[in-house]
Amino acid sequence: MVQGMEGTGMTKVASHTSISEIDDFDLSRLLDKPRLNIERQRSFDDRSMSDFSISGNIKAVDSFDNFNSPRGTRSGFNTPASSTRNSFEPHPMVADAWEALRRSLVSFRGQPVGTIAAYDHASEEVLNYDQVFVRDFVPSALAFLMNGETDIVKNFLLRTLQLQSWEKRIDRFKLGEGVMPASFKVLHDPVKGVDTIVADFGESAIGRVAPVDSGFWWIILLRAYTKSTGDMSLAETPECQRGMKLILTLCLSEGFDTFPTLLCADGCCMIDRRMGVYGYPIEIQALFFMALRCALAMLKHDAEGKECIERIVKRLHALSYHMRSYFWLDFEQLNAIYRYKTEEYSHTAVNKFNVIPDSLPDWLFEFMPCRGGYFVGNVSPARMDFRWFALGNCVAILSSLATPEQSAAIMDLFEERWEELVGEMPLKICYPAIENHEWRIVTGCDSKNTRWSYHNGGSWPVLLWLLTAACIKTGRPQIARRAIDLAESRLLKDGWPEYYDGKLGRYIGKQARKFQTWSIAGYLVAKMLLEDPSHLGMVSLEEDKAMKPVIKRSASWTC
Ligand code: GLC
């Protein structure tokens, strides 16, 4: 709702906007659509880049697994981990977790539309933890989908799609059309008996950070819903098709960039504070890649769709090449950087980004095992952020941005550096923490992000679901089992904290909320994935052979 501002002739977006006032499409029509369409011969995921060949030299590909599975059943993914299906009684924590998850449900006009970030009445400061965050809802949504409760996910997807169509302003600046909110809140007016939605696109968020990841998560969730229910009719609606295109148009526009990676400001993702993740952070690049692939599978081949598809295919080629070549680090690559020459000009340069070997941090030489590797945090001119980030690396595995060799190496790293990356509570959000002078400069003296706390090397239980999914995909369920055991020894007892602090993740986070919904949902998703690995198809994409790696992974096995 755009309100006139008396006297100034200017407009301001009211934060209390009723969703009914800005309905730009008929939601009820969508909600009434039949849910199942299992007769279709070809699944979205059968489409791969080879179908949209733009360069003419792409080889035939193996098609993906079919997912025409009926609603509420499994996602059609055969994995070597199926043998680990455990036949034990469910852990007593599972029932508690479901109960807590259901307590966090938010309704809008009588229908569940999401889950609040934390149900922590003990905390003095609510801040925005009483809102439905798009990224936080993803594990909740997956838990519901795995449990056959699909309506809430559909409602969420449609409501957020409506929010996308709002006019978004921060002060006098208008945001891009496709931006999805970081979070929204439902206000119930018991007197008038009306519900209204207030959304935050960054205009209220601490630091006014841009939620770049929201749109990507939205697309990824739309595919998960489609995959899980077999209902393609939702993704095929003009509204969802438009929503995807709007999100991607924001990212695919041509500009001054010399890299195919997406340039972002600090705080644009799960780490929504100044933490030196500006530039080309791995989390955004991996989510961008996954969202592109999910959209590719869901976009229709009409005139508009075709154009978008072509741009996606071109970008995927460039992005996968760039990431696999320049973000990848293992022992051999580290040794190569260590011996880099600098100031190289022209196409023949080996050290393309002019990384100065003196910028290699000391901790890295100790941390890098002979066996294993990972995608570094960031790559830009003369700047490589060598920190390890969990979310980006796990999503790289799930989206098959990582080649099978790279995926295996990331899992090797988990095994080799268990204490550092998992410790006593899975999972470190990033490693290592930054301290002292560097902390002052990088975080701007952020007292919530002191070393080994919160986003600065803290341990986040929500990441357990991503680790578990990555473990199953790479055929290493035993790693997930070990991590889940650790979580089970404390999570419920500690009241489902948002994060843990300390080098080993032993302490409940200084300012961690209790009953943090994604800690609860993340645990449930991890459990359900391990119990029934066929759920993996919802959040995983098979390797697209059309994106064959140009370089082979260096032989980090041989040292
Ligand atoms: C914190 C986290 C962010 C999360 C939000 C709600 O701001 O950094 O990732 O979405 O809390 O839980």
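This one's a predicted model, so the numbers in the text were calculated from it and none came from an experiment.

Enquirer: Now, about the overall build of the protein: what can you tell me, with residues and values included?
Expert: When you go through the protein residue by residue, the secondary structure sums to 18 helices and 15 strands. When each of the 559 residues of the protein is scored for burial, the buried share is 60%. Excluding contacts between residues fewer than 6 apart, the proportion of contacts in the protein whose partners are at least 24 apart in sequence is 73%. Of the roughly 22,700 Å² that the protein leaves accessible, carbon and sulfur atoms contribute 52%.

Enquirer: Account for helix α7 (residues 238-252), naming residues and giving values.
Expert: In a regular helix each residue adds 1.5 Å, so 15 residues correspond to 21 Å; α7 covers 20 Å between its end C-alpha atoms and thus fits that length. Burial analysis of α7 places 11 of its 15 residues in the buried class, the great majority of the element. Restricting attention to buried positions, one finds in α7 the residues E239, C240, Q241, G243, M244, K245, L246, I247, L248, C251 and L252.

Enquirer: So what's going on with the site of the ligand? Which residues, and what values?
Expert: Taken together, A117, Y129, F133, R135, D136, M270, D272, Y454, H455, E498, Q516 and W518 make up the full set of residues adjacent to the ligand. Interatomic distance of 2.7 Å between a backbone N/O atom of M270 and an oxygen atom of the ligand. At 2.8 Å, a side-chain N or O of H455 approaches an oxygen atom of the ligand. Within the complex, the protein chains bury 96% of what would otherwise be the 300 Å² of accessible surface of the ligand.

Enquirer: Before we move on, can you summarise the sheet that holds strand β8 (residues 183-189) with the specific residues and values?
Expert: Strand order across the open sheet formed by three strands is β5-β8-β9, with antiparallel pairing between neighbours. The open sheet has two edge strands, β5 (132-133) and β9 (194-200), and neither has a second partner. Bridge count between β8 and β9: seven bridges; the pairing is antiparallel. For H188, the partnering residue across the bridge sits in β9 and is D195.

Enquirer: Describe the nonpolar core, and please don't skip the residues or the numbers.
Expert: Counting residues in hydrophobic clusters, the biggest one holds 171 residues, and the most contacted among them are W218, I219, I312, Y374, F414 and L463. In terms of residues, this core owes the most to one element, helix α8 (residues 282-298), which gives 13 residues. Residue contacts for L463: discarding those within four places in its chain leaves M270, A390, L391, L427, K428 and I429.

Enquirer: Please provide a residue-by-residue account of the sheet that holds strand β10 (residues 328-330), values included.
Expert: The strand order across the open sheet built from four strands is β10-β11-β12-β13, with neighbouring strands paired in antiparallel fashion. Each having just a single partner strand, β10 and β13 (430-431) make up the two edges of the open sheet. As judged from the three bridges shared by β10 and strand β11 (residues 373-380), these two strands associate in the antiparallel manner. When the bridges of β11 are listed, W328 appears paired with F375. Along the sheet, helix α9 (residues 303-327) makes contact with β10, β11 and β12 (383-389), crossing β11 at roughly 105 degrees.

Enquirer: So what about the pattern of salt bridges? Which residues, and what values?
Expert: Overall, the coordinates contain 21 salt bridges when judged by the stated rule. Between R476 and E415 there is a salt bridge, and its shortest N-O distance comes to 3.3 Å. Separated by 61 residues along the polypeptide, R476 in the loop between α16 (463-473) and α17 (477-490) and E415 in helix α13 (residues 404-416) bring together distant segments of the chain. Overall, R476 belongs to the buried group, its relative accessible area being 13%. When the shortest N-O distance is used, the salt bridge between K527 and E488 registers 2.7 Å. Placement of the pair is K527 in helix α18 (residues 517-531) and E488 in helix α17, with a sequence separation of 39 residues. Taking the relative accessible area as the measure of exposure, K527 reaches 8% and is therefore buried. Owing to a relative accessible area of 13%, E488 belongs among the buried residues under this scheme.

Enquirer: Requested: an account of unusual backbone geometry, with residues and values cited.
Expert: A cis amide bond links P426 with the next residue in sequence, L427, at an omega value of 20 degrees. When you line up the elements, L427 lands in the loop between α14 (418-421) and β13. For the peptide bond that leads from Y431 to P432, omega is -10 degrees, which places it in the cis range. Of note, P432 is situated in the loop between β13 and α15 (436-443).

Enquirer: Summarise the packing of aromatic side chains; cite the residues concerned and give the values.
Expert: One pair of aromatic rings is described through two measures. These are the centre distance and the angle between the planes. Evaluation of the coordinates by the stated rule reveals 23 aromatic pairs. Measuring from ring centre to ring centre gives 5.8 Å for Y431 and W452, while their planes differ by 45 degrees; the resulting arrangement is tilted. Here the residue Y431 occupies a position in strand β13, and W452 occupies one in the loop between α15 and α16, the gap between them amounting to 21 residues. We classify Y431 as buried; its relative accessible area is 12%. Taken together through their ring pairs, the aromatic side chains of W363, F367, Y374, W388, F414, Y431 and W452 make up a single cluster.

Enquirer: Just give me the short version of the side chain of S320, but keep the residues and values in it.
Expert: Here S320 is to be found in helix α9. At a separation of 2.9 Å, a polar atom in the side chain of S320 contacts the main-chain carbonyl oxygen of L316. With near-sequence residues (within four places) excluded, S320 lies in contact with F289, L401 and M547.

Enquirer: Run through the environment of M275, naming residues and quoting values.
Expert: Inspection of the secondary structure puts M275 in the loop between α7 and α8. In the structure, M275 is positioned 168 residues away from T443 in sequence and 5.1 Å away in space, judged by C-alpha atoms. In this structure, M275 is in contact with D266, R387, C430, I434, V442, T443, N449, H455 and N456, ignoring residues within four places of it in sequence.

Enquirer: Account for α16, with residues named and values stated.
Expert: Judged by how many residues are buried, α16 sits mostly within the fold: 11 of 11 residues are covered. Buried residues of α16: L463, L464, W465, L466, L467, T468, A469, A470, C471, I472 and K473, and no others. Check the buried side of α16 and you find it contacts α3 (134-146), α5 (212-229), α12 (390-398), α13, α17 and α18. Where α16 ends, the next residue or the one after it, G475, has phi of about 75 degrees, a positive value.

Enquirer: Can you tell me about the confidence of the model for the protein, naming the residues and giving the values?
Expert: Here the protein averages 86 in pLDDT, while 82% of its residues score no lower than 70. This stretch, residues 1-42, has a pLDDT under 50; its non-local contacts, to residues over four places away or in other chains, come to 89 contacts. In this model residues 53-86 is a low-confidence stretch, pLDDT under 50, and it forms 98 contacts with partners more than four residues away in sequence or in other chains.

Enquirer: Tell me about the pairing of β9, and name the residues and values.
Expert: Counting buried residues along β9, five of its seven residues qualify, which places the element largely inside the surrounding structure. The hairpin turn running from β8 into β9, its antiparallel successor, is four residues long, and G193 in that turn takes a positive phi close to 70 degrees.

Procedures and definitions
- Residues numbered from 1 in each chain as written.
- Predicted model: local features only at pLDDT ≥ 70, side-chain atom pairs only at ≥ 80, totals over all residues.
- Heavy atoms only, no water.
- Helix = DSSP H or I, 4+ residues; strand = E, 2+ residues; numbered from the N terminus.
- Buried < 20%, exposed > 50% of the residue type's maximum accessible area, 1.4 Å probe, protein only.
- Contact = heavy atoms within 4.5 Å.
- Areas by Shrake-Rupley, 256 points an atom, 1.4 Å probe, with all protein chains shown as cover.
- Expected span 1.5 Å × (residues − 1).
- Near = heavy atom within 4 Å.
- Polar contact = N/O pair within 3.5 Å; in protein donor to acceptor, adjacent residues only side chain to side chain.
- Pairing = 2+ DSSP bridges.
- Core = buried A, V, L, I, M, F, W, Y, C linked by side-chain atoms within 4.5 Å.
- Axes fitted to C-alpha atoms, helices over the stretch in contact; angles between N-to-C directions.
- Salt bridge = Lys/Arg side-chain N within 4 Å of Asp/Glu carboxyl O.
- Phe/Tyr/Trp six-rings, centres within 6.5 Å; stacked < 30°, edge-to-face > 60°.
- pLDDT = per-residue confidence, 0-100.

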